[in-house]
Amino acid sequence: MCLGVPGRVLSVDGLTATVDFWGVQKRVMLHLVDEPVQPGDYVLNHVGYAIRKIPAADIGATLALYDELLAGNPGDLMRADVEGELGAAKEPAR
Amino acid sequence: MTAPSPHKLEFRDPLKAKKLTARLDELVAEVGRDPVSVMHVCGSHEQAIARFGLRSAFPKALDVVMGPGCPVCITDVPEVDEAVALALQGVRVATYGDMLRVPGTVKSLADVRADGAAVEIVYSIDQALELARSEPSRELVFFGTGFETTAVATAAALLNGPPPNFSVLSAHKYIPPVMEIVTEMPGSRIEGFIAAGHAATITGSAVFEAFVRDHGVPVVVAGFEPLDILAALVRLVELIRDGKREVVNMFPRCVTREGNRVAQEQLWKVFSPTGGRWRGIAHVPNGNLRLTDAWASFDARQRHRIDVSRLWDFAPPKLLGQCVCGEIMSGSKSPRDCALFGKQCVPENPVGACMVSSEGTCRIWHQYGGHLDLRSVA
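1. Quick notes on the overall build of chain A
For chain A, the helix and strand inventory stands at two helices and five strands. Start at the N end of chain A and walk to the C end: the helices and strands fall as β-β-β-β-β-α-α. Taken over the C-alpha trace, chain A has a radius of gyration of 12 Å; the compact-globule value for 94 residues is 12 Å, and the two agree within 12%. On the principal axes, the C-alpha backbone points of chain A span a range of 35 × 30 × 20 Å. Burial analysis of chain A (94 residues in total) assigns 44% to the buried set. Long-range contacts, defined as pairs at least 24 residues apart, comprise 46% of the intrachain contacts of chain A with a sequence gap of at least 6.

2. A few points about helix α1 (residues 59-70) of chain A
Residues and elements named next belong to chain A. Look at α1: 17 Å from first C-alpha to last across 12 residues, which is about the 16 Å you get at 1.5 Å a residue. Within α1, burial applies to L65, Y66 and L69. Looking down the long axis of α1, one finds its buried residues gathered within 90 degrees of arc, a one-sided arrangement. When the buried face of α1 is taken as reference, the exposed residues oriented beyond 90 degrees from it are G60 and D67. Along its buried surface, α1 packs onto β1 (5-13) and α2 (77-88).

3. Describing the sheet that holds strand β3 (residues 92-96) of chain B
Whether parallel or antiparallel, the strands of a sheet pair through hydrogen bonds between backbone atoms. All names here are of chain B. A sheet is described by the order of its strands in space; here four strands give the open sequence β4-β3-β5-β6, paired in parallel fashion. Among the strands making up the open sheet, the edge pair consists of β4 (119-122) and β6 (166-172). Geometrically, the sheet is characterised by an average inter-axis angle of 25 degrees between neighbouring strands, direction not taken into account. Here seven bridges tie strand β5 (residues 140-146) to β6, and the two strands are oriented parallel to one another. By the bridge assignment for β6, F143 is matched with L169. Against the sheet, helix α6 (residues 125-134) makes contact with β3, β4, β5 and β6, and its axis sits at roughly 175 degrees relative to β5, the strand it touches most.

Conventions adopted
Residues numbered from 1 in each chain as written. Chains lettered and ligands numbered in written order. Predicted model: local features only at pLDDT ≥ 70, side-chain atom pairs only at ≥ 80, totals over all residues. Helix = DSSP H or I, 4+ residues; strand = E, 2+ residues; numbered from the N terminus. Rg over C-alpha atoms; globule rule 2.2 N^0.38 Å. Buried ≥ 20, exposed ≤ 12 C-beta atoms within 10 Å, placed from the backbone. Contact = placed C-beta atoms within 7 Å. Expected span 1.5 Å × (residues − 1). Arc of directions from axis to C-beta. Pairing = 2+ DSSP bridges. Axes fitted to C-alpha atoms, helices over the stretch in contact; angles between N-to-C directions.

Dropping the structure here:
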């Protein structure tokens, strides 16, 4: 619950964003972010809510850890936590 | 060999890792005490330390212990009882998956679900809201657990207008006050804290300044990469060596001094801090987050008569008396000191909460091993 998951914003509709997580599109809520969010930005998400816009310079370093975790064994606790966070984001509107 | 196989010690930047571990060795030697004890308060930090085999790279005299950083684990027995009682009373209860198997006095939510009670697992409060909306004639209680990072989501969801059949049973907890309690415990040898990066994203690093001033123990905010953790430890031991009482933010890519004010504003609109017990640890003044009076109609404790006394007619499981989860979370024992660990207490059949949650010390050590000496493996 503490790890969260980063994703790239594809579009913004009011306080809801469609965000790409490793090729999977989900909706996350923007009520808690303290900066304007635009398509192309990366946000850090916890239980379905973005809590932070990740500074552009730090995106690579942030993603590297998650790339490694998602490549881990299916039973890995950290991988499961990241996948849980992905489960927290809603399916995109059709 | 049946022990869980350790992950290979791999860093994105091995050279940097080597420099940091060498520096850590020097600094701990300069402090000259054995052990130098520091505490982190985050399940994700423990996962990273264990998963990447970091302890094997720490100097022998550096003791890095996990404190009360697992939100599921510190959810107290009476709080689980409240959720269990509600489910037994016929209310739908939705909660995060890790809460399902956490033992109450006699039963967990998983137990009553197996008996037919309506207990739903959700990944987010918004999924609980959808469940409530899908059956408007039936009451749904969201059993909200977790620290700052999940509490702000609960706050935002309530401010966003929940349906009338929805309420929250808050077991949300607030990290800064428990650091004071653990530091002041008799026999505590904690000389410094590593603070959790993402909780601090919300609160800001400034939240620790009063603690550092009042308790004389430095705090370093850290990220979750192995290198982040190593760098934070280097800085922390440096502060300890120099006797400096400071808050240092080593995770500036996510954390500012002020934190996320938008999220803080919503948090304190909905919640107020109140004292309460953290499972196995102590009563923590201001450590629990309860809904403010303005939100009474969405507070499950105000809205429902929760009858927990019906649970007390049964005897608690005998093994629970031997569980040392509380001592583990306050840093005075490790899972190796527990007679049940890995024997009667395993992830498939947990006795204590620390073996239930993926963020619990025992569960993490059970998966990755806690203190493997990778120097003999590498």
